[in-house]
Amino acid sequence: MKITDILKSKSAVLSFEVFPPKTSDKFEGVWQAVEEIAALKPDFMSVTYGAGGGTSAYTVKISEGIKALGVNSVAHLSCISSTKADVKDKLVQLKEAGIENILALRGDIPADFAGNLEYKYASELVSEIKEFGGFCIGGACYPEGHPESETLFSDIENLKRKVDAGCDYLTTQMFFDNDLFYSFLAKAYSAGITVPIIPGIMPITRAAQIKRTFTLSGSPIPAKFKRIVDRFGDNPAAMRQAGVAYATEQVIDLYANGIKAVHIYSMNKPDVAKAIKDNLAGII
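Throughout what follows, the structure given in this document is the object of discussion. (Residues numbered from 1 in each chain as written. Predicted model: local features only at pLDDT ≥ 70, side-chain atom pairs only at ≥ 80, totals over all residues. Heavy atoms only, no water.)

Their axes nearest at 11 Å, the elements helix 2 (residues 27-38) and helix 3 (residues 56-68) cross at an angle of 35 degrees. Here helix 2 runs over helix 3; the crossing is right-handed. Where helix 2 approaches helix 3, its residues Phe-27, Val-30, Trp-31 and Val-34 are matched on the opposing element by Tyr-58, Lys-61, Ile-62, Gly-65 and Ile-66. Looking at the contact of helix 2 with helix 3 residue by residue, the classes come out as seven nonpolar, one polar and one charged. (Axes fitted to C-alpha atoms, helices over the stretch in contact; angles between N-to-C directions. Helix = DSSP H or I, 4+ residues; strand = E, 2+ residues; numbered from the N terminus. Left-handed = near helix turned anticlockwise from the far one by under 90°. Contact = heavy atoms within 4.5 Å. Nonpolar A, V, L, I, M, F, W, Y, C, P; charged D, E, K, R; others polar.)

Written as structure tokens, this is what we have:
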């Protein structure tokens, strides 16, 4: 089922993200986590993609496996270090696997990449997927602006070009202050972006996650969350519970403010995914 059809058919959508293993010997453990998350019957699951090979080799396999488990799947596809031939081959694989949904991403240039870039922007990838046909195309967006953009407004202009190229919906980078998302949403609508925008929420359940997560997202640590970390960061059980509660509060607030769908960056953690879904049992 295509993501756009899911969004039209339900008033409250919940999805989870998983990532493939980096090496073949880790596949069994990752697949067990995927199965446990799929058993929660989310509305869909997305599978990340490693630029330049690596984890990308498993993206199609896991996406196909999720679908076989009776859950809708979204395969990420990154283009920055790919050739046009690589992308065409991957699209054929996804089509043959029966995957209907792609999240089209530019991606980061691998540190050891020395080739010529055939893609510079995600919009170029979106256009090619659109021309190939048959897929529901998602794109990424950044409530606080892409780290490489000079301003949030210039980033939204670029986002509009990506939507015009063929994106059917957007999913945000993680954020930890819902007011930032609501402000971004207003700016996006004012710019003429009318496709659904799905907020992405990352439960922070370990103090060790904090530095890397906030560096990647480019998001400042909200004072409310900083107090949680200061109080519970040295207690793993308490930090997990507080992190799940904080993420759940974000999700409930989003639904309460009319947002129909929320995507959880569940980091291959079935227990965290289950805790959040259980917290929402009376809502979704």
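Before going further, it helps to spend a moment on a negative patch on the surface. A contiguous patch of negative charge on the surface is contributed by Asp-86, Asp-89, Glu-96 and Glu-118. Inspection of the secondary structure puts Asp-86 in helix 4 (residues 84-96). Taking the relative accessible area as the measure of exposure, Asp-86 reaches 40% and is therefore partly exposed. (Patch = residues over 30% accessible without salt bridge, like charges linked within 9 Å, V, L, I, M, F, W, Y side chains within 5 Å. Areas by Shrake-Rupley, 256 points an atom, 1.4 Å probe, with all protein chains shown as cover. Salt bridge = Lys/Arg side-chain N within 4 Å of Asp/Glu carboxyl O. Lys, Arg positive; Asp, Glu negative; His and termini not counted. Charge placed at Lys NZ, Arg CZ, Asp CG, Glu CD. Buried < 20%, exposed > 50% of the residue type's maximum accessible area, 1.4 Å probe, protein only.)

Below, the discussion takes up the side chain of Lys-269. Counting through the fold element by element, Lys-269 comes out in the loop between strand 8 (261-264) and helix 11 (270-279). One buried charged side chain, Lys-269, makes no salt bridge at all; its nearest oppositely charged neighbour is Asp-271, positioned 6.9 Å away. There is a polar contact of 3.3 Å between the side chain of Lys-269 and the side chain of Thr-205. Once residues lying within four places of it in the same chain are set aside, the contact partners of Lys-269 are Ile-37, Thr-205, Arg-206 and Gln-209. (Polar contact = N/O pair within 3.5 Å; in protein donor to acceptor, adjacent residues only side chain to side chain.)

Before going further, it helps to examine the pattern of salt bridges. Under the definition given, this model contains eight salt bridges. The salt bridge involving Lys-274 is made with Asp-278; its shortest N-O contact spans 2.7 Å. Taken together, the positions of Lys-274 and Asp-278, both in helix 11 and four residues apart, correspond to about one turn of that helix.

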